[in-house]
Amino acid sequence: MDENIKNVNTEALAPLPDDEVVYSLAELFKALGDPTRVKILGCLQARDMNVGEIAGRLNMSDSAVSHQLRVLRGIKLVKGTKEGKEVRYSLDDDHVTQIMECGITHVNEK
């Protein structure tokens, strides 16, 4: 056995999250691995928008944006609020903004 592995004090290590949390976290990071979804989240950081507004801003079709929003809703990064005949989308909560800000800070570090 490798000497470094043998000398690790396993009691000093933080406990691992349970499998359900690990799976959910992996799904979150997988969703954030798509540049289009990150751009949509960026749009929604600025203000709430409907599908057409997001599509226009990103030069995409409404159906392509709707598909990505469905994914983002499924993992609770965005939420939709019905206003008459349209749905306005917003970030689900402040944690989404924090995730985005931490990610931007991280990638901008030199």
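See the structure printed just above.
Right, let's walk through the structure included here. (Residues numbered from 1 in each chain as written. Predicted model: local features only at pLDDT ≥ 70, side-chain atom pairs only at ≥ 80, totals over all residues. Heavy atoms only, no water.)

In terms of regular secondary structure, the protein is built from six helices and three strands. In the protein, the order of α-helices and β-strands from amino to carboxyl end is α-α-α-β-α-α-β-β-α. The C-alpha atoms of the protein give a radius of gyration of 19 Å, which is well past the 13 Å a tight globule of 110 residues would have. Taking the principal axes of its C-alpha atoms as reference, the protein extends roughly 65 × 35 × 25 Å. Considering the protein as a whole, with its 110 residues, one finds that 24% of them fall into the buried category. Within the protein, contacts between residues separated by at least 24 positions form 49% of all contacts whose residues are at least 6 apart in sequence. In the structure as shown, the protein presents an accessible area of about 8100 Å², 53% of it carried by carbon and sulfur atoms. Between the mean site of the 14 positive side-chain charges and the mean site of the 18 negative ones, the protein shows a separation of 10 Å. (Helix = DSSP H or I, 4+ residues; strand = E, 2+ residues; numbered from the N terminus. Rg over C-alpha atoms; globule rule 2.2 N^0.38 Å. Buried < 20%, exposed > 50% of the residue type's maximum accessible area, 1.4 Å probe, protein only. Contact = heavy atoms within 4.5 Å. Areas by Shrake-Rupley, 256 points an atom, 1.4 Å probe, with all protein chains shown as cover. Lys, Arg positive; Asp, Glu negative; His and termini not counted. Charge placed at Lys NZ, Arg CZ, Asp CG, Glu CD.)

With that settled, the discussion passes to the packing of helix H4 (residues 51–58) against helix H5 (residues 62–74). Look at H4 against H5: their axes get within 9 Å of each other, and the N-to-C directions meet at 110°. Our classification of the angle between H4 and H5 gives roughly perpendicular. Judged by the twist between their axes, the crossing of H4 over H5 is right-handed. Two secondary-structure elements touch here, H4 through Val 51, Gly 52, Ile 54 and Ala 55 and H5 through Asp 62, Val 65, Ser 66 and Leu 69. Across the contact of H4 with H5, the residue classes tally to five nonpolar, two polar and one charged. (Axes fitted to C-alpha atoms, helices over the stretch in contact; angles between N-to-C directions. Parallel < 35°, antiparallel > 145°, perpendicular 65-115°, else oblique. Left-handed = near helix turned anticlockwise from the far one by under 90°. Nonpolar A, V, L, I, M, F, W, Y, C, P; charged D, E, K, R; others polar.)

With a phi angle near 55°, Asn 59 is a residue other than glycine that sits in the positive phi range. Along the chain, the position of Asn 59 falls in the loop between H4 and H5. At Lys 76, a residue that is not glycine, the phi angle is positive and equals roughly 60°. The class of Lys 76 is exposed, set by a relative accessible area of 60%.

Bringing the nonpolar core into the picture now. Counting 20 residues, the largest nonpolar core has Ile 40, Leu 41, Leu 44, Ile 54 and Leu 69 as the members making the most contacts within it. Those elements that place two or more of their residues in this core are helix H3 (35–46), H4, H5, strand S3 (86–91) and helix H6 (94–108). The contacts of Ile 40, once residues within four sequence positions are left out, are Ile 54, Leu 58, Val 65, Gln 68, Leu 69 and Leu 72. (Core = buried A, V, L, I, M, F, W, Y, C linked by side-chain atoms within 4.5 Å.)

So far we have only geometry, and geometry alone does not tell us how the molecule works.
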